[in-house]
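Chain residues, written in single-letter form:
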Amino acid sequence: MATKLPHEGVWVRLGVSAIEGVGVFAIRTIPKGTDIFANDRVPLTWVSRADLEEAGLSEAERALYDDFGIRRGDRIGCPANFHNLTPGWYLNEPPAGEEANVGTEDGLTFLAARDIAEGEELTIDYGSFSDQDSSPS
């Protein structure tokens, strides 16, 4: 078969999480050091907190930034359109006392911190790439 199928280069799928809501699960063993979302080419948009305050957002609109925004100083990173949420946006933090199995390189490249088994939920420490002591509200 000469053409690649859409699943090639894909490591994960979304599923129901025992941690919280929707989670990201390995569809095959992911070797340590793998760039899990290397094929995710959805560009980020950085929005100033001041612009969000002036936008008069509804509670539901605000929740998009609260739930999915990457907080860095006075800006929030998000997909150019929230319809473009790819699996990486659904990573949960690990339960208390457990280590995350995904880490970051350069802040937004997500790498397997160890071998991740097929069916295992991927988790990450949000503080490794987003300010956690502040929110857009």
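Residues numbered from 1 in each chain as written. Predicted model: local features only at pLDDT ≥ 70, side-chain atom pairs only at ≥ 80, totals over all residues. Heavy atoms only, no water.

Caption draft 1: Highlighting the nonpolar core. One finds Ile30, Ile36, Ile116 and Leu122 to be the most contacted residues of the largest nonpolar core, which totals 24 residues. Going through the elements one at a time, β2 (22–26), α2 (59–68), β5 (75–79) and β7 (109–112) are the ones with two or more residues in this core. With residues up to four places along the chain from it excluded, the contact list for Leu122 reads Val12, Val24, Phe25, Ala26, Ile30, Ile36, Leu91, Asn92, Asn101, Val102 and Ile116. (Core = buried A, V, L, I, M, F, W, Y, C linked by side-chain atoms within 4.5 Å. Buried < 20%, exposed > 50% of the residue type's maximum accessible area, 1.4 Å probe, protein only. Helix = DSSP H or I, 4+ residues; strand = E, 2+ residues; numbered from the N terminus. Contact = heavy atoms within 4.5 Å.)

Caption draft 2: Spatial organisation of the environment of Phe25. Looking at the secondary structure, you find Phe25 in strand β2. Take Phe25: its relative accessible area is 15%, and that puts it in the buried class. Residues Phe25 and Leu122, spaced 97 residues apart in sequence, show a C-alpha to C-alpha distance of 5.8 Å. If near-sequence neighbours (up to four positions away) are discounted, Phe25 is found in contact with Trp11, Val12, Arg13, Leu14, Gly15, Val16, Ser17, Gly119, Glu120, Glu121 and Leu122.

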